[in-house]
Amino acid sequence: MHALAAELFPLPRSITGNGVRQTLARLAEDLPDLEVEEVPSGTRCFDWTVPPEWNVSEAHLTAPDGRRIADFAECNLHLLGYSEPVTTSLGLEELQAHLYSRPDRPGAIPYVTSYYKRNWGFCLTDNQRAALQPGQYDVVIDSTLDENGSLTYGELVVPATIETDAEVFLSTYVCHPSMANNELSGPVVATALFRWLWSLDERRYNYRIVFVPETIGAITYLSRNLDHLKKSVVAGFNISCVGDDRAYSYLPSRKGDTISDDVARHVLHHLAGDYAAFTFLDRGSDERQYCAPGVDLPIASVMRSKFGTYPEYHTSDDNLELVTAEGLAGGYRALRHCLMALEANRTYRATVLCEPQLSRHGLYPSARMPGDPKPKDHLNILAYADGETSLLQIAELLDQPIWDLSRAASQLCRAGLLEPV
Amino acid sequence: MHALAAELFPLPRSITGNGVRQTLARLAEDLPDLEVEEVPSGTRCFDWTVPPEWNVSEAHLTAPDGRRIADFAECNLHLLGYSEPVTTSLGLEELQAHLYSRPDRPGAIPYVTSYYKRNWGFCLTDNQRAALQPGQYDVVIDSTLDENGSLTYGELVVPATIETDAEVFLSTYVCHPSMANNELSGPVVATALFRWLWSLDERRYNYRIVFVPETIGAITYLSRNLDHLKKSVVAGFNISCVGDDRAYSYLPSRKGDTISDDVARHVLHHLAGDYAAFTFLDRGSDERQYCAPGVDLPIASVMRSKFGTYPEYHTSDDNLELVTAEGLAGGYRALRHCLMALEANRTYRATVLCEPQLSRHGLYPSARMPGDPKPKDHLNILAYADGETSLLQIAELLDQPIWDLSRAASQLCRAGLLEPV
Amino acid sequence: MHALAAELFPLPRSITGNGVRQTLARLAEDLPDLEVEEVPSGTRCFDWTVPPEWNVSEAHLTAPDGRRIADFAECNLHLLGYSEPVTTSLGLEELQAHLYSRPDRPGAIPYVTSYYKRNWGFCLTDNQRAALQPGQYDVVIDSTLDENGSLTYGELVVPATIETDAEVFLSTYVCHPSMANNELSGPVVATALFRWLWSLDERRYNYRIVFVPETIGAITYLSRNLDHLKKSVVAGFNISCVGDDRAYSYLPSRKGDTISDDVARHVLHHLAGDYAAFTFLDRGSDERQYCAPGVDLPIASVMRSKFGTYPEYHTSDDNLELVTAEGLAGGYRALRHCLMALEANRTYRATVLCEPQLSRHGLYPSARMPGDPKPKDHLNILAYADGETSLLQIAELLDQPIWDLSRAASQLCRAGLLEPV
């Protein structure tokens with residue numbers, strides 16, 4: 001995952017443009033089913049309009065002494081996102097209105113955009129900015145804002161192995177230039193989940209994975225697919241900030257009462273123990289759209305360090321040193337267990353009244369392998385398997401991971417003592 | 001408010017009689033719509049009967065040395081409420097059975113009544129009582145207990161500015177003689193609320209304000225108006241003990257689950273921060289009747305120092321030094337905000353799916369006036385405006401005062417992004 | 001109760017056999033209505049089969065020096081429960097596989113059984129075992145495992161004094177040999193409850209008391225009576241471990257939401273103050289069957305020291321010194337109050353609107369006897385008697401014992417101010 005992130009890192013992503021296309025093309029090498037959609041600029045999507053497509057040929061700022069002090073080719077964060085084309089020369093004072101830096105993080109290039117208000121500018125470290133000398137600065141921004149362009153997104157489905165319309169919805173975004181936790185951790189973990197999903201012998205759900213530009217992309221996607229999603233989606237996760245190794249975080253759906261929320265809390269409790277639990281008031285990514293009133297998809301977020309909470313967020317310091325192989329593996333593991341929990345979460349009914357005589361059914365093994373369910377698990381599952389209490393609820397009652405109980409439940413089913421309803 | 005309370009202070013109120021009439025007459029100068037009702041003595045009201053009307057011409061107790069040691073004309077608390085007429089002379093020992101004082105508060109005249117059991121007596125400070133000398137005491141109580149009298153109460157309605165039957169019910173009482181927190185704070189704050197209600201451009205509710213003798217008056221009022229009240233009243237408050245400046249208090253309805261309770265807790269949390277939260281077991285005023293089973297009006301109480309909890313309660317020390325202009329202003333402010341919260345508490349629905357593009361709607365003001373809603377407020381309201389969650393519930397989620405959010409909601413409605421359901 | 005337990009102590013109970021019959025015969029002297037049922041070995045009961053009937057004529061283990069070191073006649077715990085017949089002589093090493101002792105409690109004979117797997121063995125103190133010398137040991141176990149035998153249980157009903165099908169179900173067990181808290185405390189407390197129930201002038205419920213072998217007996221009983229029980233049983237308790245004086249314990253029904261649970265918590269709160277509250281995960285007696293999915297009887301457990309939590313459990317130290325007269329009296333008192341609470345727990349409705357004028361109804365007694373309800377109780381009951389809130393719920397709100405409030409409720413009914421719904 002870390003190597004894939006490194007490949008994708010330099011591509012000049014934004015909410016539209018060739019950087020998104022290049023990113024999806026590279027992902028498609030690992031995601032053979034990926035379908036890429038183009039939505040024309042000017043298309044109305046709920047309250048929004050798909051903006052002109054933005055591409056950049058070159059962009060640089062040259063100091064009076066001839067040194068290029070900010071060059072898009074060197075680091076795409078240097079250019080204010082959606083900068084309009086401009087070629088000019090101007091004095092330092094006039095230039096300042098077009099410069100962006102972070103005094104609170106003087107060594108980092110900040111990430112700044114101006115999607116919906118025409119503007120241009122350069123982002124640089126506050127140290128660089130403080131050293132700028134008076135004089136004439138040359139500005140070249142060779143960009144296009146094409147009203148006949150389009151917004152690009154990708155999607156695919158890993159089908160269920162049974163006949164069902166039910167879908168699990170996974171969304172991640174591909175619109176941030178060279179940043180790693182927020183954002184490349186998302187697409188690369190989604191890609192790893194895709195591979196794992198295909199490896200399964202059984203899938204009770206279809207898995208829809210979408211790669212969209214944040215906000216406008218999610219809104220565009222919803223405006224074209226809302227009816228289908230509302231009918232089909234039974235659970236899902238927004239995959240964002242899953243790459244560093246400093247924390248685990250949970251951000252609920254609007255009401256926090258969906259199966260995705262239950263699963264997220266269950267998994268983080270058992271995998272991470274202590275984790276940062278946010279509220280929907282702390283939202284900031286595409287859960288804002290997926291959980292909006294009237295949309296109401298059951299989407300929760302399981303993250304490592306949440307957007308907006310770590311100091312490197314939205315700067316050039318959110319890089320591939322911050323995001324580690326271990327961090328990505330942890331993010332992947334948490335989300336994979338969420339999907340495992342969804343698959344495992346069936347509702348069972350005991351087939352006999354009262355406790356069964358377990359020894360008659362070969363469920364008191366004379367020797368137990370490490371990891372084998374304890375006989376107590378069998379009795380506990382049977383004690384709560386009333387056809388209404390889900391295995392996840394039983395797992396919560398027992399404070400045990402559902403993936404352990406699921407094996408005991410399968411043994412009970414094979415013994416004829418339990419059946420899914 | 002304090003000046004009005006001072007005017008009303010000396011009037012000889014009881015549960016019936018001319019003191020009530022004089023009080024209502026003085027209030028009517030500020031409440032032009034006040035209608036005064038007379039209910040004949042002997043009228044059956046649920047389990048109760050309206051008692052004979054009680055009036056007092058004079059009442060005094062004279063010591064052996066000729067000094068008047070308790071005179072109704074000097075302080076109407078000196079006479080046991082509902083004392084029957086008597087003219088007699090008797091020794092100190094015999095007199096003691098008719099004297100009432102408070103050893104725990106030796107400088108105060110206690111407030112004592114005997115409405116439903118014939119009796120007579122004088123109330124005096126325990127210091128006075130301890131100094132009484134043996135000898136003959138002259139008792140004169142020139143009172144009447146008129147079986148052909150009546151019980152008097154007042155009521156008025158401030159009408160809604162829209163077509164609606166829904167009423168907010170405000171009740172306060174006018175039966176205690178010279179006491180200030182419990183009771184005059186109630187009628188004077190109710191009078192101030194009346195004035196404020198008339199000043200409003202819009203009222204979504206009719207406001208019914210009643211001035212009744214406590215207990216028997218509330219029961220009498222209910223027995224004549226219960227059907228109408230049960231059909232119309234959507235919220236309300238019993239206004240009692242709203243005049244000192246030492247505390248804020250909340251006493252819930254029977255189940256504590258009405259909109260009046262929600263509003264009361266919301267207002268006290270935001271205005272008073274820390275406040276004394278009682279339970280319905282601590283009830284003692286007319287909420288006993290309004291929240292009785294089968295009556296079940298949605299009535300809560302917002303108070304300053306609650307009846308029964310402060311040392312001056314039901315003594316001559318509950319006076320206009322205890323009740324201050326600031327105390328009354330605080331009681332008024334809390335109840336006015338409760339009514340503001342009721343008016344503001346609508347349920348909204350977002351008119352567009354997903355987040356709107358706020359900048360398109362002029363809701364990212366370039367300059368923000370102090371008190372102007374923050375853009376975050378708009379997005380938060382929209383995020384929860386699902387047509388089911390009320391603005392008060394949203395305000396609780398955001399831990400912000402509803403009166404602030406209400407302005408943001410109005411702006412969103414004007415922008416066409418939100419609508420009340 | 002302690003004397004009856006002492007009589008029953010030596011009888012050789014097991015899940016079948018003459019020890020159970022002798023126990024029921026002795027109990028029948030105090031329980032004239034007791035009906036004894038025999039269920040043939042081999043009868044299928046849900047997932048189980050009634051085992052062969054086990055009886056023992058004699059069983060002893062003789063050391064190389066001729067001393068009997070374990071004799072069933074001396075203490076029936078010495079024999080592994082359900083030991084098959086054997087007469088043999090074998091060396092110490094070979095014998096060890098058939099010996100049971102508790103190194104953690106070296107002075108006690110442990111209680112061990114092998115109901116469903118053919119085996120034989122002797123139980124002895126670990127001190128005894130450590131002192132065994134090499135040599136030949138003589139084993140005599142003269143037992144029978146009769147496929148044509150039966151499982152024995154007893155039951156009786158104390159009828160309601162009104163016409164009703166509603167039953168309270170009390171279950172206790174009679175299958176442990178010489179042990180006192182777990183088990184004889186159960187049958188003797190049940191016997192005392194029977195006597196108390198007959199002494200009542202009024203019973204709103206039928207009381208069914210069953211004396212069954214644990215697990216297989218309860219399952220057998222349920223398999224024959226489930227339909228009736230599901231239709232009739234409104235509350236009940238499994239009576240186990242009610243004899244020592246060290247603690248009170250509560251173990252809930254599966255969901256902990258039945259009236260039996262409410263009553264158990266209420267009684268223990270008021271009688272015991274602090275008590276050990278377990279969860280259904282700590283289950284271990286016949287609540288496993290009564291609360292199984294599909295059975296779902298409303299059965300909770302009120303205990304002294306719970307099975308499995310005290311060091312003497314399932315050893316010869318669980319004797320009649322551990323179980324005391326005071327301990328039994330406490331267990332009886334708690335369960336009796338549970339039944340009192342069930343009888344008292346009616347739902348009332350106030351017959352008049354608003355508070356009544358209590359003095360008119362003689363409910364302000366001039367002199368109050370100790371234990372008489374306080375007038376405040378009357379008003380509080382009336383304030384919540386809405387025809388939906390049960391007296392137990394009112395008692396919880398007031399944090400007062402229901403048996404106190406019940407007297408006030410009866411007075412209100414007699415005064416015509418309250419009526420049951």
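Residues numbered from 1 in each chain as written. Chains lettered and ligands numbered in written order. Predicted model: local features only at pLDDT ≥ 70, side-chain atom pairs only at ≥ 80, totals over all residues. Heavy atoms only, no water.

Draft legend 1. Summary view of the packing of aromatic side chains. Under the definition given, this model contains 32 aromatic pairs over all chains. Relative to Tyr384 of chain B, the ring of Phe280 of chain A lies with its centre 5.9 Å away and its plane at 85 degrees, an arrangement referred to as edge-to-face. You can see Phe280 of chain A sitting in the loop between strand 15 (276-277) and helix 8 (287-290) and its partner Tyr384 of chain B sitting in helix 10 (residues 375-384), one on each of two chains. Judged by relative accessible area, which is 6%, Tyr384 of chain B ranks as buried. Arranged with centres 5.3 Å apart and planes meeting at 85 degrees, the rings of Tyr153 of chain C and Tyr221 of chain C form a pair that is edge-to-face. Of this pair, Tyr153 of chain C sits in strand 10 (residues 150-158) while Tyr221 of chain C sits in helix 6 (residues 216-232), placing them 68 residues apart in sequence. Since its relative accessible area comes to 1%, Tyr153 of chain C is described here as buried. Judged by relative accessible area, which is 0%, Tyr221 of chain C ranks as buried. (Phe/Tyr/Trp six-rings, centres within 6.5 Å; stacked < 30°, edge-to-face > 60°. Helix = DSSP H or I, 4+ residues; strand = E, 2+ residues; numbered from the N terminus. Buried < 20%, exposed > 50% of the residue type's maximum accessible area, 1.4 Å probe, protein only.)

Draft legend 2. Inspection of the side chain of Glu287 of chain A at higher detail. Residue and element names in this part refer to chain A. Residue position: Glu287 is located in helix 8. It turns out Glu287 is buried and unbridged, and the closest side chain with the opposite charge, Arg288, is 6.3 Å from it. In terms of polar contacts, Glu287 uses its side chain to reach the backbone amide nitrogen of Gly284, at 2.7 Å. Other than its neighbours up to four places away in sequence, Glu287 contacts Asn238, Leu251, Phe280, Ala292, Ser301 and Phe307. (Lys, Arg positive; Asp, Glu negative; His and termini not counted. Salt bridge = Lys/Arg side-chain N within 4 Å of Asp/Glu carboxyl O. Polar contact = N/O pair within 3.5 Å; in protein donor to acceptor, adjacent residues only side chain to side chain. Contact = heavy atoms within 4.5 Å.)

Draft legend 3. Local environment of the side chain of Gln357 of chain C. On the secondary structure map, Gln357 of chain C appears in the loop between strand 17 (347-350) and helix 10 (375-384). Taking the relative accessible area as the measure of exposure, Gln357 of chain C reaches 7% and is therefore buried. Beyond its immediate sequence surroundings of up to four residues, Gln357 of chain C is in contact with Asp47, Trp48, Thr49 and Tyr116 of chain B.

Draft legend 4. Layout of the relation of the copies chain A and chain C. For the pair chain A and chain C, the superposition axis carries a translation of 0.0 Å, the fit reaches an RMSD of 0.0 Å, and the rotation angle comes to 120 degrees. Classification of the inter-copy transformation places it as that of a three-fold axis. For chain A, the residue whose C-alpha comes nearest the rotation axis is Asp257 of chain A, separated from it by 13 Å. (Least-squares fit on C-alpha atoms with pLDDT ≥ 70 in both.)

Draft legend 5. Up close: the sheet that holds strand 9 (residues 136-146) of chain A. Residues and elements named next belong to chain A. Pairing within the open sheet is antiparallel, and its 4 strands lie in the order 5-4-9-6. In the strand order of this sheet, the two ends are held by strand 5 (68-71) and strand 6 (86-91), each with one partner. Averaged over all pairs of adjacent strands, the angle between their axes in this sheet comes to 15 degrees, without regard to strand direction. As paired strands, strand 4 (residues 53-62) and strand 5 are joined by 3 bridges and run antiparallel to one another. The residue of strand 5 that forms the bridge with His60 is Asp71. (Pairing = 2+ DSSP bridges. Axes fitted to C-alpha atoms, helices over the stretch in contact; angles between N-to-C directions.)

Draft legend 6. Quick peek at the layout of surface pockets. Its boundaries defined by the atoms lining it, the largest pocket holds a volume of some 1,300 Å³. As for the largest pocket, its lining consists of 43 residues, and the residues nearest its centre are Trp48, Thr113, Tyr115, Tyr116 and Thr215 of chain B. Put simply, the parts of the chain that give the lining of the largest pocket at least two residues each are strand 3 (48-49) of chain B together with helix 10 of chain C. Element by element, the count of residues in the lining of the largest pocket is highest for helix 10 of chain C, at 3 residues. For the lining of the largest pocket, the residue count by class is 21 nonpolar, 13 polar and 9 charged. There is about 1,000 Å³ of room inside the second largest pocket. If you trace the second largest pocket, you find 34 residues lining it, with Trp48, Tyr115, Tyr116 and Arg288 of chain A together with Tyr364 of chain B closest to the centre. Here the residues of the lining of the second largest pocket sort into 16 nonpolar, 11 polar and 7 charged. (1 Å grid on protein atoms, 1.4 Å probe; cavity = no way out; pocket = protein on both sides within 12 Å on 5 of 7 lines; lining within 4 Å. Points joined across faces, edges and corners; volume = space filled by probe spheres on them. Nonpolar A, V, L, I, M, F, W, Y, C, P; charged D, E, K, R; others polar.)

Draft legend 7. Expanded view of the interface of chain A and chain C. Taken together, the contacts link 20 residues of chain A with 20 residues of chain C. A combined buried area of about 1,700 Å² lies between chain A and chain C, and 52% of that area is made up of carbon and sulfur atoms. Linking chain A to chain C there are 4 salt bridges. For the salt bridge of Lys255 of chain C with Asp386 of chain A, the shortest nitrogen-to-oxygen distance reads 3.9 Å. Between the two partners, chain A and chain C, sit 9 residue pairs in polar contact (both at pLDDT 80 or more). Residue assignment for the side of chain A that touches chain C shows that the elements contributing at least two residues are helix 10 (375-384), strand 18 (386-390) and helix 11 (391-398) of chain A. (Buried area = accessible area lost by both parts, 1.4 Å probe.)

Draft legend 8. Seen up close, the pattern of salt bridges. Residues and elements named next belong to chain A. In this structure the tally under the stated criterion is 72 salt bridges over all chains. Residues Glu155 and Arg208 are paired through a salt bridge, measuring 2.8 Å at the closest nitrogen-oxygen approach. Residue Glu155 is found in strand 10 (residues 150-158), and its partner Arg208 is found in strand 12 (residues 206-212); the two are separated by 53 residues along the sequence. Like Arg208, Glu155 is buried. Connected via shared salt-bridge partners are Glu7, Arg26, Glu29, Asp30 and Arg195.

Draft legend 9. Just helix 12 (residues 402-414) of chain C, in detail. All names here are of chain C. Here helix 12 spans 18 Å end to end across 13 residues, near enough to the 18 Å set by a 1.5 Å rise per residue. Looking at helix 12, one finds that the buried residues are Ile402, Trp403, Leu405, Ser406, Ala408, Ala409 and Leu412. Those residues of helix 12 that are buried lie in contact with helix 7 (259-271), helix 9 (325-344), strand 17, helix 10, helix 11 (391-398) and strand 19 (418-420). After helix 12 finishes, the residue Gly416 shows a positive phi value of roughly 80 degrees. (Expected span 1.5 Å × (residues − 1).)

Draft legend 10. Geometry of the sheet that holds strand 1 (residues 35-40) of chain A. Residues and elements named next belong to chain A. The sheet built from 8 strands is open, its strands ordered 1-10-12-11-13-16-14-15 with mixed pairing. With one partner strand each, in any of the chains shown, strand 1 and strand 15 form the two edges of the open sheet. With 6 bridges joining them, strand 1 and strand 10 adopt antiparallel strand pairing. Note on strand 10: the bridge partner recorded for Pro40 is Ser150. Packed on one face of the sheet, helix 9 (residues 325-344) meets strand 11 (167-173), strand 12, strand 13 (233-238) and strand 16 (299-303) and runs near 170 degrees to strand 13.

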